Structures are given as C-alpha cells and as structure tokens.
Amino acid sequence: MPTASARAAPSRPPLNLPATDKAIFESGYAAGATDVFTGYDGGWDQNAPYIIVLAPGGPAATYRIASRTRLERGVNYYLCPDGHKLCQRPH
C-alpha cells in the first residue's frame, strides 16, 4: 500500500486550450477537489490517517463522504457485526 509521501500526481489530460479556457478549467478542477470534502471541509488533520465511508452522491457527483473516523494510536478498528459500521476497542 503506498504511503502518504508516495502520492501520485492527479491524473488528468494535458490541456491544449487557450489560456483563458485553461484558467477556467483549472479553476473548476480546483473547486471540484475542494468540493469532495463538502460537509467535512474543516477539522481534518493533515498527514493523519482516516477511514471514510462513501455514500451515493447527488446528480453531479457519484459519491459523497458519509462519515469519517480519524485513526488513533492504541485502538483496534474492525467492521461491526452488522457489516456496515466501524467498531473499535482499546488495543
């Protein structure tokens, strides 16, 4: 599994557009990257591991973040018996 420091650059095709069109595209791309965190746009710790649960998105997005759990040292995480929730217990 890759580490956080081994992140790949975002993959998108090179743009052969006029400068104005390229700027508009890049602005939209950046807005989309930010929108992925809708509802969770604050309180993230950088370089910290999280487990997120995805849910169906809306008309313009395939997925949305339904919940997030920051992983803490000394805690065991596992799938609850219901098969849908994250359970935890001290290590």
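The structure presented is a predicted model; accordingly, all values stated were derived computationally and were not measured.

Draft legend 1. A look at the state of the cysteines. Within the structure shown, the criterion is met by one disulfide. A disulfide bridge connects Cys-80 with Cys-87, and the sulfur atoms are separated by 1.7 Å. Its torsion about the S-S bond being 115°, the disulfide of Cys-80 and Cys-87 is classed as right-handed. Per residue, the accessibility class of Cys-80 equals that of Cys-87, and both read buried.

Draft legend 2. Up close: the pattern of salt bridges. Tallying each qualifying case throughout the model produces three salt bridges. With a closest N to O distance of 2.8 Å, Asp-45 and Arg-70 form a salt bridge. Linking Asp-45 in the loop between helix H1 (19-35) and strand S1 (50-56) with Arg-70 in strand S2 (residues 63-70), this pair joins segments that are 25 residues apart in sequence. Judged by its relative accessible area of 38%, Asp-45 is partly exposed. Here Arg-70 falls in the partly exposed class, since its relative accessible area comes to 31%. Bridged by salt links that share partners, the residues Asp-45, Arg-70 and Glu-72 form one connected network.

Draft legend 3. Quick look at the packing of aromatic side chains. Summed over all chains, the structure comprises one aromatic pair. Measuring from centroid to centroid gives 4.7 Å for Trp-44 and Tyr-50, while their planes differ by 65°, and the two rings are edge-to-face. The ring of Trp-44 has Arg-68 lying over it, and the distance from NZ or CZ to the ring centre is 4.6 Å.

Draft legend 4. Geometry of a nonpolar patch on the surface. Side chains of Leu-17, Phe-25 and Tyr-29 sit close together on the surface and give an oily, nonpolar patch of about 240 Å² of accessible area. Positionally, Tyr-29 belongs in helix H1. Residue Tyr-29 is classed as partly exposed on the basis of its relative accessible area, which comes to 31%.

Draft legend 5. Looking closely at the pairing of S1. Bridge count between S1 and S2: seven bridges; the pairing is antiparallel. The residue bridging Ile-52 from the neighbouring strand is Arg-68, located in S2. Taken together, S1 and the strand that follows it, S2, pair antiparallel across an intervening segment of six residues.

What counts as what
Residues numbered from 1 in each chain as written. Predicted model: local features only at pLDDT ≥ 70, side-chain atom pairs only at ≥ 80, totals over all residues. Heavy atoms only, no water. Disulfide = S-S within 2.5 Å. Buried < 20%, exposed > 50% of the residue type's maximum accessible area, 1.4 Å probe, protein only. Salt bridge = Lys/Arg side-chain N within 4 Å of Asp/Glu carboxyl O. Helix = DSSP H or I, 4+ residues; strand = E, 2+ residues; numbered from the N terminus. Phe/Tyr/Trp six-rings, centres within 6.5 Å; stacked < 30°, edge-to-face > 60°. Lys NZ or Arg CZ within 6 Å of the ring centre and 35° of its normal. Patch = residues over 30% accessible without salt bridge, like charges linked within 9 Å, V, L, I, M, F, W, Y side chains within 5 Å. Areas by Shrake-Rupley, 256 points an atom, 1.4 Å probe, with all protein chains shown as cover. Pairing = 2+ DSSP bridges.

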